[in-house]
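Observations on the three-dimensional arrangement
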2 protein chains.
Amino acid sequence: MTMVRNTRQRQAVLQALRTTRTHPDAAWIHQEVRRELPSLSLGTVYRTLDALVRDGVAVTIERAGQATRYDFRRDDHHHHAVCRTCGAIFDIEVQELPNLPRTLLPGGFQVSDVRLEVHGVCVACQNKPNH
Amino acid sequence: MTMVRNTRQRQAVLQALRTTRTHPDAAWIHQEVRRELPSLSLGTVYRTLDALVRDGVAVTIERAGQATRYDFRRDDHHHHAVCRTCGAIFDIEVQELPNLPRTLLPGGFQVSDVRLEVHGVCVACQNKPNH
DNA sequence: CTACTTGCAAAGATTTTGCACCTCA
DNA sequence: TGAGGTGCAAAATCTTTGCAAGTAG
């Protein structure tokens, strides 16, 4: 039986993720946790974050060619708006989703995460020169 | 004023995307279109797909470390269920979304795409040995 | 003890980009 | 003709992985 250990590295990564609202990526978390645990490797950060996602403790916002952003999963029903120009991520509250898709899913599909992502361009980027 | 040209390459990429329901990635489209246009480069496929996405003609399903999958945007309101084990993508019909988020978005956010993504494990993968 | 975890570095994979050469309009 | 587009190959990123050494339980 496989056993999950509670290492210092995992505690620290979880702690870092939990105490920020900035939807950080792996590199940011790596830098952050390194202030306390200088030997922490980026590989371990990735492995830990993967585990957190598998366990439903964290969710991801993924964009091709961009670093995956991680978000600690809180009990609120929030989703994300993503600026496709600068990559900024905004939290948006959406209560109505939960019961929508179930009946329409392919038979037997085991749901672990329902994401609503609004993609577009944020105000700041609309006001930039070449938009 | 910038001018968009209607090249053979772009026609072929759009055609390939339009006539499949398999949510292909850039490499698949590249291979496919090459049967007609052997000189087509993968770089051009990426550039063309990017343009289609920017114009709202195609949408993407993006996963970290996996090739981006592209979907021709039809008039129906369909979204996607994504198996996190094998990467299979299933279409799901969802009608109720459109009017949800507007008021909750960050001020002035210009929406180009609202995606509902259901992530989980498909039946086939649940029945695999080491699940 | 010993199975799991880490650090390190290299490998993998995807996507982007610079540049010289084409080509659509 | 000329602003865009293409092909090619290299570069840039991000993420995963193999392995020897460390460590939680």
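Heads up: these notes are all about the structure in this document. Quantities reported herein were computed from a predicted structural model and do not represent experimental measurements.

**As for the overall build of chain A**
Counting its secondary structure elements, chain A contains four helices and five strands. Along its sequence from the N terminus, chain A presents helices and strands in the succession α-α-α-β-β-β-β-β-α. Principal-axis analysis of the C-alpha atoms places the extent of chain A at approximately 45 × 40 × 25 Å. Nonlocal contacts in chain A, meaning residues at least 24 apart in sequence, comprise 47% of its contacts between residues at least 6 apart. Here chain A displays about 7600 Å² of accessible surface, and carbon together with sulfur accounts for 49% of that area. Put simply, chain A has 17 plus and 14 minus side-chain charges, and the middle of one group is 7 Å from the middle of the other.

**Regarding the protein's contact with DNA strand D**
Every one of the 23 residues lining DNA strand D counts as a neighbour, but Y46 and T68 of chain A together with R5, T7 and R10 of chain B are closest to it. When the atoms of DNA strand D within 4 Å of the protein are grouped by moiety, sugar and phosphate amount to 66% of the total. One nitrogen or oxygen atom from the main chain of L40 of chain B is found 3.4 Å from a phosphate oxygen belonging to DNA strand D. The side chain of R47 of chain B places a nitrogen or oxygen atom 2.9 Å from a base nitrogen of DNA strand D. Of all the secondary-structure elements, those providing two or more residues to the surface near DNA strand D are helix 3 (42-54) of chain A together with helix 1 (8-18) and helix 3 (42-54) of chain B. Among the elements that make up the surface near DNA strand D, the one with the highest residue count is helix 3 of chain A (three residues). In the surface near DNA strand D, the residues fall into seven nonpolar, ten polar and six charged.

**Considerations on the packing of aromatic side chains**
By the definition in use, this model includes two aromatic pairs over all chains. Between F109 of chain A and F90 of chain B, the ring centres sit 6.1 Å apart and the planes meet at 75 degrees, which makes this aromatic pair edge-to-face. Within this pair, whereas F109 of chain A is found in the loop between strand 4 (89-93) and strand 5 (110-121), its partner F90 of chain B is found in strand 4 (residues 89-93), the two belonging to separate chains. Residue class for F90 of chain B comes out partly exposed when judged on its relative accessible area of 26%.

Conventions adopted
- Residues numbered from 1 in each chain as written.
- Chains lettered and ligands numbered in written order.
- Predicted model: local features only at pLDDT ≥ 70, side-chain atom pairs only at ≥ 80, totals over all residues.
- Heavy atoms only, no water.
- Helix = DSSP H or I, 4+ residues; strand = E, 2+ residues; numbered from the N terminus.
- Contact = heavy atoms within 4.5 Å.
- Areas by Shrake-Rupley, 256 points an atom, 1.4 Å probe, with all protein chains shown as cover.
- Lys, Arg positive; Asp, Glu negative; His and termini not counted.
- Charge placed at Lys NZ, Arg CZ, Asp CG, Glu CD.
- Near = heavy atom within 4 Å.
- Polar contact = N/O pair within 3.5 Å; in protein donor to acceptor, adjacent residues only side chain to side chain.
- Nonpolar A, V, L, I, M, F, W, Y, C, P; charged D, E, K, R; others polar.
- Phe/Tyr/Trp six-rings, centres within 6.5 Å; stacked < 30°, edge-to-face > 60°.
- Buried < 20%, exposed > 50% of the residue type's maximum accessible area, 1.4 Å probe, protein only.

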